[in-house]
Each structure stands twice: as C-alpha cells, then as structure tokens.
Amino acid sequence: MGAYPEHYKLREEVSKILHHYLQNNYTIILDIGCGSGETTKYILKTINNAKIIAVDNDERMIGRLKNIFAKEIANGQLVPVCQDIFEYLKNIETSHFDAITSSWTIHNFKNYDRTNLLKEIFRTLKPKGIFVNMDKYVLDDPTKEKESFDKAVNNLKLLSNKNISKRAIEHEEEDRHPAIIMKEKESGLEMKNLGFKDITFHTRIGREIVMSCFK
Ligand SMILES: C[S@@+](CC[C@H](N)C(=O)[O-])C[C@H]1O[C@@H](n2cnc3c(N)ncnc32)[C@H](O)[C@@H]1O
C-alpha cells in the first residue's frame, strides 16, 4: 500500500469488470497468483454467486489468505489452492472457467512461460469466458517507458521503509529485463494471435493497467 497507494482502484476495477460481465449468474472464477487475497477481497465483495478458486504457489500467502477469508472458505465461496499454476492447470479440463483473473502476477513470468500460461488460460476458459488481468503492462514507446520507470523509482525512493523501497526498486528493474518485460501493445497482439477477442486496456495508473478480453 505504501509503495503503490492508488493501486486499490485498479483492483476495484477488476471486480467491477467481472461483475459487469458475469452479472449474478453462478460462475466459477480462477484467480491466478492470488497472494493473500488483495484483489480477491474486492471480487468477493462484488460477486456473490460464484466459486472463486484462488491459486498461489507460496504457502505463506495461502496461509494468510486462509486466515483472512476463513468465513468465505467455510461457506464454499473461496477455494484456496497452494500449487504452481502450471501444475494446477494441467489437470483442468478445457472450457472449465467462466472467468479467469490475475493481478500483478503474470508480468513476473519469463516471456516463454507467460505465452504458455496465456495458452492455458485460453484453453481452460469457457467459450465467451472473460480474462481480466491487472498488471504491469509498460508502454511500448521506449522514451515513455523510461519516463514512467523513472517516475515510479522516484516515488519508491520516498518510502520511509528503506528496505521496502530498495526491494521495490530492484523489482521494478527486474521487470524491465528483456526476457521478462511485458509491453502493452506487444502483449495485446500476442493475445490476439492466441485467439483472444475484444482485448481492451482500461484504466492506467503508472506502469500498471487493467486489461480484459474474451475467449
Ligand atoms: C505480486 S503478488 C500479487 C498478489 C495478489 N494477486 C495481489 O493483487 O496483490 C504475485 C503472486 O503470484 C504468486 N506466484 C508467482 N508465480 C506463481 C506460480 N508459478 N504459480 C502460482 N502462483 C505464483 C506469488 O507467490 C505471489 O503471491
């Protein structure tokens, strides 16, 4: 929250887009890289009639999620899964989910893995299913990308916790590595080539943006 104080607005937007599309029909939603449920909580608040499968491969994160959402887990609204997302999806049939969402996770994957994950997302979505991703899609123009990187780093330098500040700046740098960097137009084109339709980039805050598309 200290490093990215406004990003809750993007998380809220993810849940609004999902709700707008899914309405109140019963749905199965997959949340990839749920962490401790920072975005999941907005989805739970907005969408009542759904089963949300929240997958993360970090035991500590799933542990926190289990504590925070004990009630929703008990009533079957939320199903936590501690597993690598590729391992999890291997056992999922084609056309299974009404919606797949992810936030701030997919940009961490190497390009090759990201492509494979997008293919799996496409495969496991039902026809007309929606994929909503809140993530670091940087601007394709190198000058604008550099400007937004410098701005992000300058904001992170102002954090009072110097350890968090240092780690967050290092992470911003890691995300720019050519084998990892995720660019808005380039990613949109890749998703189109994989078969996704109506690829839309919504609100941008800094280097992050909300994207939605359909199978
Ligand atoms: C930056 S956090 C984002 C958490 C949360 N979605 C949010 O909006 O704050 C990225 C999460 O992805 C998870 N993750 C990374 N690689 C993964 C993988 N291969 N399978 C499942 N989860 C993964 C990490 O453990 C981490 O909790």
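Structure: above.
Everything numeric here is computed off the predicted structure, so don't read it as measured data.

**A short note on the site of the ligand**
In step 1: Lining the immediate environment of the ligand, one finds 16 residues, of which Gly33, Gly35, Glu38, Asp58 and Ser103 sit closest.
In step 2: When its residues are assigned to classes, the shell around the ligand shows 5 nonpolar, 7 polar and 4 charged.

**Re the sheet that holds strand 4 (residues 97-103)**
In step 1: Ordered in space as 3-2-1-4-5-7-6, the 7 strands form an open sheet in which the pairing is mixed. Single-partner strands in this sheet number two, and they are strand 3 (78-82) and strand 6 (197-205). Ignoring strand direction, the axes of neighbouring strands in this sheet form an average angle of 15°.
In step 2: Pairing geometry for strand 5 (residues 125-136) and strand 7 (residues 208-214), over 7 bridges, is antiparallel. Along strand 7, the bridge assignment pairs Phe131 with Cys213.

**Section: the environment of Cys34**
In step 1: Inspection of the secondary structure assignment puts Cys34 in the loop between strand 1 (27-32) and helix 2 (40-46).
In step 2: Residues Cys34 and Pro80 lie 46 residues apart in sequence; the distance between their C-alpha atoms is 9.0 Å.

**As for the nonpolar core**
In step 1: In terms of nonpolar packing, the biggest core is built from 41 residues, with Val14, Ile52, Ile100, Phe131 and Val210 touching the most fellow members.
In step 2: Those residues in contact with Phe131 that lie beyond four places of it in its chain are Ile100, Ile121, Leu125, Phe196, Ser212 and Cys213.

**Topic: the pairing of strand 5**
In step 1: Across the 12 residues of strand 5, 9 count as buried, placing the element largely inside the fold.
In step 2: Sheet analysis places strand 4 next to strand 5, joined by 6 bridges and oriented parallel. Among the inter-strand pairings, Ile100 is bridged to a residue of strand 5, identified as Phe131.
In step 3: With respect to chirality, the unit in which strand 4 leads through helix 6 (residues 111-124) into the neighbouring parallel strand 5 is right-handed.

**Things to note about the environment of Asn154**
In step 1: Relative to the helices and strands, Asn154 resides in helix 7 (residues 142-157).
In step 2: Residues Asn154 and Asp113 lie 41 residues apart in sequence; the distance between their C-alpha atoms is 30 Å.

**Some words on the pairing of strand 6**
In step 1: The sheet contact formed by strand 6 and strand 7 spans 5 bridges and is antiparallel. Looking at the pairing, Phe201 lines up with Met211 of strand 7.
In step 2: The antiparallel pairing of strand 6 with strand 7 creates a hairpin that spans 2 residues between the two strands, and Gly206 there sits at a positive phi of about 65°.

**Quick notes on unusual backbone geometry**
In step 1: With phi around 55°, Gln23 is a residue other than glycine that occupies positive phi space.
In step 2: Assignment of secondary structure puts Gln23 in the loop between helix 1 (8-22) and strand 1.
In step 3: A positive phi is found at Ser95, a non-glycine position, where the angle reads about 60°.
In step 4: Residue position: Ser95 is located in the loop between helix 5 (85-90) and strand 4.

**Describing the packing of helix 7 against helix 8 (residues 162-174)**
In step 1: As a packed pair, helix 7 and helix 8 sit with axes 9 Å apart at the nearest point and diverge in direction by 170°. Classified by the angle between their axes, helix 7 and helix 8 sit roughly antiparallel to one another. The handedness of the crossing between helix 7 and helix 8 is right-handed. Together, Phe149, Ala152, Val153, Leu156 and Lys157 of helix 7 and Ser165, Ala168, Ile169 and Glu172 of helix 8 make up the contact between the two elements.
In step 2: Of the residues assigned to the contact of helix 7 with helix 8, the class counts are 6 nonpolar, 1 polar and 2 charged.

Rules used throughout
Residues numbered from 1 in each chain as written. Predicted model: local features only at pLDDT ≥ 70, side-chain atom pairs only at ≥ 80, totals over all residues. Near = placed C-beta within 6 Å. Nonpolar A, V, L, I, M, F, W, Y, C, P; charged D, E, K, R; others polar. Pairing = 2+ DSSP bridges. Helix = DSSP H or I, 4+ residues; strand = E, 2+ residues; numbered from the N terminus. Axes fitted to C-alpha atoms, helices over the stretch in contact; angles between N-to-C directions. Core = buried A, V, L, I, M, F, W, Y, C linked by C-beta atoms within 7 Å. Buried ≥ 20, exposed ≤ 12 C-beta atoms within 10 Å, placed from the backbone. Contact = placed C-beta atoms within 7 Å. Right-handed = clockwise from strand over helix to strand, strands pointing away. Parallel < 35°, antiparallel > 145°, perpendicular 65-115°, else oblique. Left-handed = near helix turned anticlockwise from the far one by under 90°.

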